[in-house]
Structures are given as structure tokens and as C-alpha cells.
Amino acid sequence: MSTPKNFTRKDFLQTSALGIAAVVFGSSFTSMLSSEEKPYFNLKPIGRQFSLEGYYIWCSSPIWGEDGKFHLFYSRWKKEKGMGGWLNGSEICRAEADSPFDEFQHKQVILTPRGGEFWDATTCHNPLIKKVDDQYYLFFMGNSNGKTNTKRIGLATSKSLDGDWIRPEQPLLLPGKEGSWDDHCTTNPAFVKGNDGKYWLFYKSWNTHEYETQKGPIRGNRKYGLAKADSPMGPYKKVSENPVIDFSSLPNNAQLEDAFVWKQNGKFHMIARDMGFFNHEYGLHLTTKDGLHWTKPEIAYLNMKHYIQEPTPPKNLNRFGRLERPMILFDKDGKTPKFLVGATQGGKFETSTTFIFEILKS
């Protein structure tokens, strides 16, 4: 749901410890949480468990295999492309390890840009691996021109983690009509089975006009929408013309991205990367019972410097110090969050790597 724009300074109910106003108006957010509370996750760093010479690694989506091993679906692109190479030249691969405490080994390339007139001609990115019944579903993002305005969510399927993967000829979810909040793209897929028996697909997008005309280091305001389907394969129908998570009423162009959603103890949880609610280095945690009305975010995890100490990075790694694309690996019971897996700049090859935390009981 969208939030009203006509507010004054008197409307702010609380301020974060960082001095950033942090209150969301309207029915999208149903409870107020203190920004001074300890992070939702109590984390123990395991380390940079996966690095590749000559590559940036991003988007690490974990899953337990039937072989008992820890499989990781990840995106990578060549180091010479720089950090921006994810947008024009990323491919999706699979790695595996005996456990999250062991280093991963690259095993195979899953999806590569197809070129030509395909919707995923220039990049394949944002992998999210899920299993429903006896089928594996690999949600991902592709684009066709190496730019953000053709990013589209797609879905590949397989009976096993090592393939063969059936590749989609068309995207799974398209942007909204021109002028809508989500007319720019669909990306960052987050998938869960809802309590209504339908399959929920959360997606990130923003408005093209805002993106093209705004000034500042971050243009546009990223929000999240929700689409539902009777089958994981779709077709997916958007539940509303409005986003279900919207920070645009806040100052500093606050927003979020990289959402991951799961069900636990009767409600749905989301972790995401903060983009100005508290700062640009924390993770956010929100909950909902219906997918539409979300709690005000609390801190899910802190900046990387809180957990580990590393040498000063080279100047090209200007996003160093934050965990992005956070995802959860559950205990083998499938119910208890056990590991937090994300991507962060740095590592021995001065690119980016997979970083894993063990989630401890509070």
C-alpha cells in the first residue's frame, strides 16, 4: 500500500539513533519498533566461504541438496567489467560444499545471457532457488539491453539441482503500465507459499520518470509489490496497483531492496538491505500476516565492520562494509533459520564474495 505524502515535521513519532527520521504512515505498517533494540539476528561470522579469481560473486541463494550437501546458486561476472558488470554480463552458476562451514567449489554454469532478441539477452542475475514438491524453481532476473529498464523476472525449472534446466521463453512478471510506480522493471524476486493457498511473488520496482529526473546519488524510490498465482509457474496477477512496501514518505529518499521472505511461526518475515531507513549498511527485518500490511522495519543485522575486521579495501570497492542480497538457509528441518548468506565486497581477489553467518539463538 502507498503512504501519504502530505505530512509535516510534527508527524514524525520517533527518530533513529543515527538521527534519521524513521516512521512510516498509513496502513502499510502496523506496529512501531524501537530502532535502539538489538538486531533481530544474533550472528556469528563464519567467513568468506566462496571466492573466485577473476570474478565478482553476488546473489548467493542457498539450498540443501538431496545429497546432504550445501548448494549455492550464485551470480558472477568478470572482474574486468568492474562492479557494474552485473547489469551487462552476469551469469548464474551453482557451487557446493559439504556444509556452510566449508569452502565452496564451483560446479557448473546454469544460465548465461542468450544474446539476440531474447528478453535475457545481456544478463542473468538475482537467482533464488526454491523447491516445491518434487520440482526445483530458479527465479532470476534477465535484461535485454544491458540497462535497468529491461530487467524482468523469469523462472527456470528442473527436477534436480544439477539440471537439465528448462529455460523460459518469456518473462514471468512484467512491469506496470507507463506512469505507474512499477513501470520501470521487475527484479529482486522473493517467493513463498501464502496462507491463502496461493504462491506469492514479491518484486522490486520503481517509477521511470522519477528515476530519469531525480538528482542525487540514488535516483528513484525502490518499492515492493506482490503478485499471486495458483501454481509456482504462474500466471502471476498483481494484487494491487499500489506497492505493499513503500518508504517514499520518508526523508532522504529512504527505500529498500534485496528482499528475502519466509514463513515462520504463523507469520511471514522479510529481510532486506536498508537504503536509507536507518542507513545504507544495515539489514532490515519486517513481518506480516497477509503480505499486504507490514510492520515498521527493525534492524536485522549491522554493518560488516561490527562482525569482522578486514584491511582497507581498494578505492574501486566503494560499497565495502555492507552485506547485500541477504538470504536464509534453514536447518534441515526446513523451519528454523540457521545461516544468513549474503554478498559483500572484498576478499583476497579484491572483488566480492559470498559471506556466511551462523544464526545463534538469542
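In what follows, the structure referred to is the one given above.
Scoring rules and cut-offs
Think of each chain on its own: its residues are numbered from 1, step by step along the sequence as written. It should be noted that, the model being predicted, local features are given only for residues of pLDDT at least 70 and side-chain atom pairs only at 80 or more, the latter also being counted only at that level, while totals for whole chains, interfaces and linings use all residues. Values reported for side chains reflect all heavy atoms of the structure, with hydrogen atoms and water molecules removed beforehand. Between 30 and 60 degrees the pair is tilted, below 30 it is stacked and above 60 it is edge-to-face, where a pair is any two Phe, Tyr or Trp rings, Trp via its six-membered ring, whose centres lie within 6.5 Å. A run of DSSP states H or I qualifies as a helix once it reaches four residues; a run of E qualifies as a strand once it reaches two. Both are numbered from the N-terminal end. Summary of the burial criterion: residues with accessible area below 20% of their type's maximum are buried, those above 50% are exposed, and those between are partly exposed, where the area comes from a 1.4 Å probe applied to protein chains only. Comment: the charge-over-ring label is applied if NZ (Lys) or CZ (Arg) is within 6 Å of the ring centre and within 35 degrees of the ring normal. Two strands make a pair as long as DSSP finds a minimum of two bridges between them. Definition used for salt bridges: Asp or Glu carboxyl oxygen within 4 Å of a side-chain nitrogen of Lys or Arg. A fitted line through C-alpha atoms represents every axis, and for helices the fit uses only the stretch in contact; the resulting angles, taken between N-to-C directions, go from 0 to 180 degrees. By the convention used here, residues are in contact when the closest approach between their heavy atoms is within 4.5 Å.

1. Overview of the packing of aromatic side chains
Thinking step 1. Tallied over the entire structure, the rule returns 24 aromatic pairs.
Thinking step 2. Seen from their ring centres, Trp 200 and Phe 268 are 4.7 Å apart, and the 40° between their planes marks the pair as tilted. Of this pair, Trp 200 sits in strand S10 (residues 199-205) while Phe 268 sits in strand S14 (residues 267-275), and the two are 68 residues apart along the sequence.
Thinking step 3. Accessibility expressed as a relative area gives 1% for Phe 268, which makes it buried.
Thinking step 4. Judged by centre distance (6.5 Å) and plane angle (65°), the rings of Trp 262 and Phe 330 are edge-to-face. Residue Trp 262 is located in strand S13 (residues 255-264), and its partner Phe 330 is located in strand S17 (residues 324-330); the two are separated by 68 residues in the primary sequence.
Thinking step 5. Accessibility expressed as a relative area gives 15% for Phe 330, which makes it buried.
Thinking step 6. Through successive ring pairs, a cluster of aromatic residues spans Tyr 40, Phe 41, Phe 260, Trp 262 and Phe 330.
Thinking step 7. Across the ring face of Trp 206, the terminal group of Arg 222 is positioned such that the distance to the ring centre comes to 4.5 Å.

2. Describing the pairing of strand S18 (residues 337-346)
Thinking step 1. With nine of 10 residues buried, S18 lies mostly within the body of the structure.
Thinking step 2. Bridge count between S17 and S18: five bridges; the pairing is antiparallel. Its bridge partner lying in S18, Ile 328 is registered against Leu 340.
Thinking step 3. Pairing analysis gives eight bridges linking S18 to strand S19 (residues 351-360), with the strands arranged antiparallel. Its bridge partner lying in S19, Thr 344 is registered against Thr 353.
Thinking step 4. Counting the residues between successive antiparallel strands, the hairpin from S18 to S19 contains four residues, one of them, Gly 347, with a positive phi of roughly 95°.

3. Comments concerning the pattern of salt bridges
Thinking step 1. A full pass over the atoms with the stated rule returns 18 salt bridges.
Thinking step 2. In this structure, Glu 91 and Arg 76 form a salt bridge, with 2.7 Å as the shortest nitrogen-oxygen distance. Here Arg 76 lies in strand S3 (residues 70-78) and Glu 91 lies in strand S4 (residues 91-97), a separation of 15 residues in the sequence. Each member of the pair, Glu 91 together with Arg 76, is buried.
Thinking step 3. Linked by salt bridges that have partners in common, Lys 204, Glu 257, Arg 273, Arg 319, Arg 322 and Glu 324 make up one network.

4. Considering the sheet that holds strand S8 (residues 152-158)
Sheets are built from strands that pair by backbone hydrogen bonding, the pairs being arranged parallel or antiparallel.
Thinking step 1. If you walk across this open sheet you meet the three strands as S6-S7-S8, and the pairing is antiparallel. The sheet terminates laterally at strand S6 (123-132) and S8, the two strands that pair on one side only. With strand direction ignored, the average angle separating the axes of adjacent strands in the sheet is 25°.
Thinking step 2. Judged from the eight bridges that link them, S6 and strand S7 (residues 135-143) form a sheet pairing that is antiparallel. Its bridge partner being in S7, Ile 129 is matched across the sheet by Leu 138.

5. Describing the sheet that holds strand S12 (residues 237-238)
Thinking step 1. Pairing in this open sheet of four strands is antiparallel, and the strands run S9-S10-S11-S12 from one edge to the other. The sheet is open, and its two borders are formed by strand S9 (187-193) and S12, each paired with just one other strand.
Thinking step 2. Relative to strand S11 (residues 223-229), S10 runs antiparallel, the two being bridged by seven bridges. Across the sheet, the residue bridging to Lys 204 is Tyr 224, located in S11.

6. Some words on unusual backbone geometry
Thinking step 1. Here the bond from Gly 163 into Asp 164 is cis, since omega is 10°, no more than 30 degrees from zero.
Thinking step 2. Tracing the sequence through the fold places Asp 164 in the loop between S8 and S9.
Thinking step 3. Residues Gly 234 and Pro 235 are joined by a peptide bond in cis, for which omega reads 5°.
Thinking step 4. Residue placement: Pro 235 occurs in the loop between S11 and S12.
Thinking step 5. If you check the backbone angles, Cys 59 has positive phi at about 50° while not being a glycine.
Thinking step 6. In this fold, Cys 59 is placed in strand S2 (residues 55-64).
Thinking step 7. We classify Cys 59 as buried; its relative accessible area is 0%.
Thinking step 8. Residue Glu 350 is not a glycine yet carries a positive backbone phi of 55°.
Thinking step 9. The exposure class assigned to Glu 350 is partly exposed, which follows from its relative accessible area of 42%.

7. A few points about the environment of Glu 103
Thinking step 1. Looking at the element boundaries, Glu 103 is found in the loop between S4 and strand S5 (105-111).
Thinking step 2. Classification of Glu 103 by relative accessible area gives exposed; the value is 57%.
Thinking step 3. Setting aside its immediate chain neighbours within four residues, Glu 103 contacts Gln 49, Glu 96 and Ala 97.

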